Amino acid sequence: MSINQRQYQQLTEMGISLWQHKSAAFQDSSSSKNNLEHDISYLKQDVESLAVLTKQTFFTDLLLTLELSIGEVTAQKDHLDLGLFNWFFYADLNKTPSIHCADNKLVSPSIELIRKSPALKKQLWQTITTNLL
């Protein structure tokens, strides 16, 4: 079983220690990395791309739902750091749109594609609630 950073912090604050068998930790991390990182290229993220995202109601509504402010979001080289997780947007437009998450790393199509697709919105929310909250 894996937990996200927020869950870890909450457990630590309650004085609950976490133990994981070394071989299980190695298997979990290596299998999830192999599943997610098949030569994927990600969209560049910078201050300008973050400014564009903040003008999209869908993105700001999503942040409000996660109880985050735009000030808590940082644009890194190839992802957005939301504190709870890192959000990568894949650049390959020919790729079948899908959303997945492992090790607090959310990978999805662009916000624009998600915004236009009810199925992708549903998949995004299910992925976030299942893996990150």
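The preceding data block contains the structure.
Residues numbered from 1 in each chain as written. Predicted model: local features only at pLDDT ≥ 70, side-chain atom pairs only at ≥ 80, totals over all residues. Heavy atoms only, no water.

(A) Quick peek at the packing of aromatic side chains. Within the structure shown, the criterion is met by 4 aromatic pairs. Taking 4.8 Å as the distance between ring centres and 50° as the angle between the ring planes, the aromatic pair formed by Tyr42 and Phe88 counts as tilted. Here Tyr42, found in the loop between helix H2 (22-36) and helix H3 (47-54), pairs with Phe88, found in strand S3 (residues 86-89); they are 46 residues apart in sequence, far enough to count as distant. Each of the two residues, Tyr42 as well as Phe88, counts as buried. Summarising the aromatic geometry, the rings of Phe59 and Trp87 are spaced 6.3 Å apart at their centres and angled 40° between planes, so their arrangement reads as tilted. Placement of the pair is Phe59 in helix H4 (residues 57-65) and Trp87 in strand S3, with a sequence separation of 28 residues. Phe59 sits in the buried class, given a relative accessible area of 0%. Each residue in the set Phe59, Phe85, Trp87 and Phe89 is aromatic and connected to the rest through ring pairs, giving one cluster. It is Lys105 that lies over the ring of Phe88; its NZ or CZ is 4.6 Å from the centre. (Phe/Tyr/Trp six-rings, centres within 6.5 Å; stacked < 30°, edge-to-face > 60°. Helix = DSSP H or I, 4+ residues; strand = E, 2+ residues; numbered from the N terminus. Buried < 20%, exposed > 50% of the residue type's maximum accessible area, 1.4 Å probe, protein only. Lys NZ or Arg CZ within 6 Å of the ring centre and 35° of its normal.)

(B) Examining the pairing of S3 more closely. Judged from the 2 bridges that link them, strand S2 (residues 80-81) and S3 form a sheet pairing that is antiparallel. The residue bridging Leu80 from the neighbouring strand is Trp87, located in S3. The turn linking S2 back onto S3 is made up of 4 residues, and Gly83 within it adopts a positive phi angle of 80°. Where S3 lies against strand S5 (residues 105-108), 4 bridges are found, and the strand directions are parallel. In the strand pairing of S5, Asn86 is matched with Lys105. (Pairing = 2+ DSSP bridges.)

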